[in-house]
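Examination of the molecular architecture
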Amino acid sequence: MDAIGIYINHVNQSKTGIEKEMYYLIEQNMELERILREAKEAERKLNKNKERFMELAVQYANMKGDI
């Protein structure tokens, strides 16, 4: 009976360890997905800003001759 108890205890500890690691990975994946969403949004905003900057630069260059 002692060997069976030790085995069951070992299996339960193994399951607990696996569950803890799975929970940790889920949390980490959620955080990484959030970061990726933010990075994609930042990239879209960066591209939009670059585009607007170029528009303003062209407008400025055209105005410079008028001054």
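Predicted, not measured: the structure shown is a model, and the values here were computed from it.

To continue, consider the overall build of the protein. Helix and strand content of the protein: one helix and zero strands. In terms of overall dimensions, the protein is more spread out than a globule: its C-alpha atoms have a radius of gyration of 29 Å, far above the 11 Å expected for 67 residues. Over its C-alpha atoms, taken along the principal directions, the protein stretches across nearly 95 × 10 × 10 Å. Residues counted as buried form 0% of the 67 residues belonging to the protein. A total of about 6,800 Å² of accessible surface is found on the protein, and carbon and sulfur atoms cover 61% of it.

Let us look at the pattern of salt bridges. Overall, the coordinates contain four salt bridges when judged by the stated rule. Linking glutamate 38 and arginine 34 is a salt bridge whose minimum nitrogen-to-oxygen distance equals 2.5 Å. Of this pair, glutamate 38 and arginine 34 both sit in helix α1 (residues 2-64), separated by four residues, roughly a single helical turn. Salt bridges sharing common partners tie together Glu31, Arg34 and Glu38.

It is worth spelling out a nonpolar patch on the surface at this point. A surface patch of nonpolar side chains, about 330 Å² in accessible area, is lined by Ile4, Tyr7 and Ile8. The topology assignment puts tyrosine 7 in helix α1.

Our next topic: the environment of aspartate 2. Within the secondary structure, aspartate 2 is located in helix α1. Considering only alpha carbons, one finds aspartate 2 and alanine 39, 37 residues apart in sequence, at a separation of 55 Å.

So, how was this worked out
Residues numbered from 1 in each chain as written. Predicted model: local features only at pLDDT ≥ 70, side-chain atom pairs only at ≥ 80, totals over all residues. Heavy atoms only, no water. Helix = DSSP H or I, 4+ residues; strand = E, 2+ residues; numbered from the N terminus. Rg over C-alpha atoms; globule rule 2.2 N^0.38 Å. Buried < 20%, exposed > 50% of the residue type's maximum accessible area, 1.4 Å probe, protein only. Areas by Shrake-Rupley, 256 points an atom, 1.4 Å probe, with all protein chains shown as cover. Salt bridge = Lys/Arg side-chain N within 4 Å of Asp/Glu carboxyl O. Patch = residues over 30% accessible without salt bridge, like charges linked within 9 Å, V, L, I, M, F, W, Y side chains within 5 Å.

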